[in-house]
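Listed here are the chains, written in short residue letters.
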Amino acid sequence: MTSGSIFAVFDPAGPYAGSITTLAWVLIAMFVAVLAVVIAALWIALRGSGRLKARLGGTRAIWIGGIGFPVVVLTALLVYGLTLTRHLTAPMPQDAMRVRITGEMWWWRVAYLDPSGRPFMLDANELHIPAGRPVLLELESNDVIHSFWVPRLSGKLDMVPGRRNTLPIQADGPGVFAGQCAEYCGGPHALMGFVVIAHEPAAFDRMMAARRAPRPVPDERGRQLFRSTGCAACHRIAGTEANGMAGPDLTHVGSRRSLGAGILPNNRGTLAGWIGDSQAIKPGNRMPPYKTLSAADLQALAAYLEARK
Amino acid sequence: MHTVRALLPLLLTAGCKPPPDEAQHMPQADPVRGKQAIVRAGCGACHVVPGLRWPQGQSGPSLEGFADQGLIAGRLPNRPDLLVAYVRNAPATLPGTTMPAMPLTDGEARDVAAYLYASGKR
Ligand SMILES: [Cu+2]
């Protein structure tokens, strides 16, 4: 699911990632230039004529090449780099959308915040944003250090327990962008992906309004099973008695593109597979396997969750 | 000569199962696309699929060596038409099976079947 192409780093889809990519290219160009100078010096040292060696071998060469050149180039680079990326730390517009993302072993809690900073909608593992607008993320962690990284939308920033780091992201156009935890956090860390979906602003507003409307849950059998099987102890589904917070919020799980934190396609079949034995899919994750559920119960639970849009 | 004639029907029916390559030949299907469809649909959530390193789910049987298998889910003859129907909508093809219906188009289901036959030989 996570299209983990390394080329994503060179394919920015918004202004924040854009300036980081530009800086990366400048650094790569400098690396190539310096390497060329070193190779040339080496060649002169091994094969060059005596006169050339004598001219380059004095203290003057050390003053120019060893001190003057690095001081000038590195200072210029520092000034350029800080100027280029200053919007990454600049204050955001007052009315910018804010979302709190909390790293968990090995998934992500997502809370959309109102202007006063209080959560008004909970979700997990996927983030919906309006295209063309900056969004401020508050990054936190409940256990160990994680690192939030959606390479095409912004930089990489650690989530440190007890701290709140902020990271702006923006997508210039609608699209789906893969992310990945970028700090080893134990066990299935490599299977801790993330998905950002950018919508046209009008479509985004419609989607959020639909999600905030009252949510009747007509499937009595699924709801009952969800409670009696024990799922409700760890998972919340708004509008029902399920209120557990140890696992991802499943209120909108049916509208996710992925399961298991951005790693598995989401459909009724994979939902059933995840519930039955998530340990075979994501070894070490904190949800127990339910191998003894009957096929009928498993299908009913999967259908119930698939309908939680 | 006569004995050969008399034995011919016996010889023809002796191998109950026709040679797999013939019977499992699916000219219009593409195993490469089939593998992509398997990844997209997430069959690995429940199956070990040949050629797929992750995921290797355990809820369903391993599909390694499926081409050489006589029956689908122990009950249906292992024929292309039935396999295509089964991977797409198992409950409708074989009532009572625990394999769920999967989001595949008919064309994708053919490709998936072709992949299982091409890669699932022991
Ligand atoms: Cu991690």
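Residues numbered from 1 in each chain as written. Chains lettered and ligands numbered in written order. Predicted model: local features only at pLDDT ≥ 70, side-chain atom pairs only at ≥ 80, totals over all residues. Heavy atoms only, no water.

### As for the overall build of chain B
Then, in step 1: When helices and strands are tallied, chain B shows six helices and two strands.
Then, in step 2: Listed by position from the N terminus, the elements making up chain B come as α-α-α-β-β-α-α-α.
Then, in step 3: Among the 122 residues that make up chain B, the fraction classed as buried is 40%.
Then, in step 4: Approximately 7,100 Å² of chain B is accessible, and the part contributed by carbon and sulfur atoms is 61%. (Helix = DSSP H or I, 4+ residues; strand = E, 2+ residues; numbered from the N terminus. Buried < 20%, exposed > 50% of the residue type's maximum accessible area, 1.4 Å probe, protein only. Areas by Shrake-Rupley, 256 points an atom, 1.4 Å probe, with all protein chains shown as cover.)

### Considering the coordination of the copper ion
All names here are of chain A.
Then, in step 1: Those protein atoms acting as donors to the copper ion are Cys181 (SG), Glu183 (O), Cys185 (SG) and His189 (ND1), and they sit at 2.0 to 2.7 Å.
Then, in step 2: Here the copper ion binds four donor atoms, and the angle range of 87 to 131 degrees at the metal identifies the geometry as tetrahedral.
Then, in step 3: In this structure Cys181 comes out as buried when scored by relative accessible area, which is 2%. (Donors = N, O, S within 2.8 Å, 3.2 Å for Na, K, Ca; no water. Tetrahedral: all angles 85-135°; square planar, octahedral: opposite > 155°, others 65-115°.)

### A closer look at the UniProt feature "domain: Cytochrome oxidase subunit II copper A binding" (unreviewed entry) in chain A
Then, in step 1: Summarizing the sequence annotation, UniProt attributes the feature "domain: Cytochrome oxidase subunit II copper A binding" (unreviewed entry) to residues 94-210 of chain A in the numbering used throughout.
Then, in step 2: Structurally, residues 94-210 of chain A is divided into 9% helix and 51% strand, and its ends, taken at the C-alpha atoms, are 25 Å apart. (UniProt positions renumbered as here; feature names shortened; annotations may be inferred.)

### A closer look at the environment of His47(B)
Residue and element names in this part refer to chain B.
Then, in step 1: Here His47 lies in the loop between helix H3 (31-41) and strand S1 (71-72).
Then, in step 2: The class of His47 is buried, set by a relative accessible area of 10%.
Then, in step 3: Sequence spacing of His47 and Gln58 is eleven residues, and the spatial spacing of their C-alpha atoms is 5.8 Å.
Then, in step 4: Excluding residues within four positions of it along the chain, His47 makes contact with Pro55, Gln56, Gly57, Gly60, Pro61, Leu63 and Met99.
Then, in step 5: A polar contact of 2.6 Å, which involves the side chain of His47, links it to the backbone oxygen of Pro61. (Contact = heavy atoms within 4.5 Å. Polar contact = N/O pair within 3.5 Å; in protein donor to acceptor, adjacent residues only side chain to side chain.)

### Some thoughts on the sheet that holds strand S3 (residues 119-124) of chain A
Strand pairing within a sheet occurs via backbone hydrogen bonds; the two strands may be parallel or antiparallel.
Residue and element names in this part refer to chain A.
Then, in step 1: With mixed pairing, five strands are arranged side by side in an open sheet as S3-S2-S1-S5-S8. Every interior strand has two partners, whereas the edge strands, S3 and strand S8 (165-169), have only one. Taking each pair of neighbouring strands and ignoring which way they run, the sheet shows an average axis angle of 25 degrees.
Then, in step 2: Bridge analysis of strand S1 (residues 97-104) against strand S2 (residues 107-113) gives seven bridges, and the strand direction is antiparallel. Considered in S2, the bridge of Val99 is made with Tyr112.
Then, in step 3: Helix-sheet contacts for helix H4 (residues 201-212) involve S1, S2 and S3, and the interaxial angle to S3 is about 95 degrees. (Pairing = 2+ DSSP bridges. Axes fitted to C-alpha atoms, helices over the stretch in contact; angles between N-to-C directions.)

### Considering the pairing of S3(A)
Then, in step 1: Here S2(A) pairs with S3(A) via five bridges, running antiparallel. What sits directly across from Arg109(A), in S3(A), is Ala124(A).

### Focus: the domain arrangement of chain A
Then, in step 1: Split into domains, chain A comes out as domain 1 (15-88), domain 2 (98-212) and domain 3 (220-306).
Then, in step 2: Each of domain 1 of chain A and domain 3 of chain A has a C-alpha centre, and the two are 55 Å apart. (Domains from an automatic or database assignment.)

### Some remarks on the pattern of salt bridges
All names here are of chain A.
Then, in step 1: Enumeration over the complete set of coordinates arrives at 21 salt bridges over all chains.
Then, in step 2: With a shortest N-O distance of 3.0 Å, Arg98 and Glu138 are connected by a salt bridge. Here Arg98 is found in strand S1, whereas its partner Glu138 is found in strand S5 (residues 135-141), with 40 residues between them in sequence.
Then, in step 3: Residues joined by salt bridges that share partners form a network here, namely Arg98, Arg100, Glu138, Glu140 and Arg164. (Salt bridge = Lys/Arg side-chain N within 4 Å of Asp/Glu carboxyl O.)

### A look at the packing of helix H5 (residues 220-228) of chain A against helix H7 (residues 295-306) of chain A
All names here are of chain A.
Then, in step 1: Look at H5 against H7: their axes get within 9 Å of each other, and the N-to-C directions meet at 110 degrees. Classed by the angle they form, the pair H5 and H7 counts as roughly perpendicular. In contact with Arg221, Gly222, Arg223, Leu225 and Phe226 of H5, H7 contributes Ala296, Asp297, Ala300, Leu301, Tyr304 and Leu305.
Then, in step 2: For the contact of H5 with H7, the residue count by class is seven nonpolar, one polar and three charged. (Parallel < 35°, antiparallel > 145°, perpendicular 65-115°, else oblique. Nonpolar A, V, L, I, M, F, W, Y, C, P; charged D, E, K, R; others polar.)

### Remarks on H5(A)
Residue and element names in this part refer to chain A.
Then, in step 1: Within H5, the full set of buried residues consists of Gly222, Arg223, Leu225 and Phe226. Along the axis of H5, the buried residues cluster in a sector spanning 165 degrees; they form a single face.
Then, in step 2: For H5, the elements touching its buried residues are H7. (Arc of directions from axis to C-beta.)

### Brief notes about the packing of aromatic side chains
Then, in step 1: Tallying each qualifying case throughout the model produces six aromatic pairs over all chains.
Then, in step 2: A centroid spacing of 5.9 Å and a plane angle of 55 degrees characterise the contact between Phe226(A) and Tyr304(A), whose relative ring orientation is tilted. On the criterion of sequence distance, the pair formed by Phe226(A) in helix H5 and Tyr304(A) in helix H7 is long-range, its members being 78 residues apart.
Then, in step 3: Among the residues examined, Tyr304(A) registers a relative accessible area of 1% and is labelled buried.
Then, in step 4: Note on Phe66(B) and Tyr117(B): the rings are 6.4 Å apart at their centroids and 20 degrees apart in plane angle, and the pair reads as stacked. Of this pair, Phe66(B) sits in the loop between H3 and S1 while Tyr117(B) sits in helix H6 (residues 106-119), and the two are 51 residues apart along the sequence. Tyr117(B) shares its class with Phe66(B); the two are buried.
Then, in step 5: Grouping aromatic residues by their ring pairs yields a cluster made of Trp108(A), Phe148(A) and Phe194(A).
Then, in step 6: Sitting over the face of the ring of Trp149(A), Lys156(A) holds its NZ or CZ atom 4.4 Å from the ring centroid. (Phe/Tyr/Trp six-rings, centres within 6.5 Å; stacked < 30°, edge-to-face > 60°. Lys NZ or Arg CZ within 6 Å of the ring centre and 35° of its normal.)

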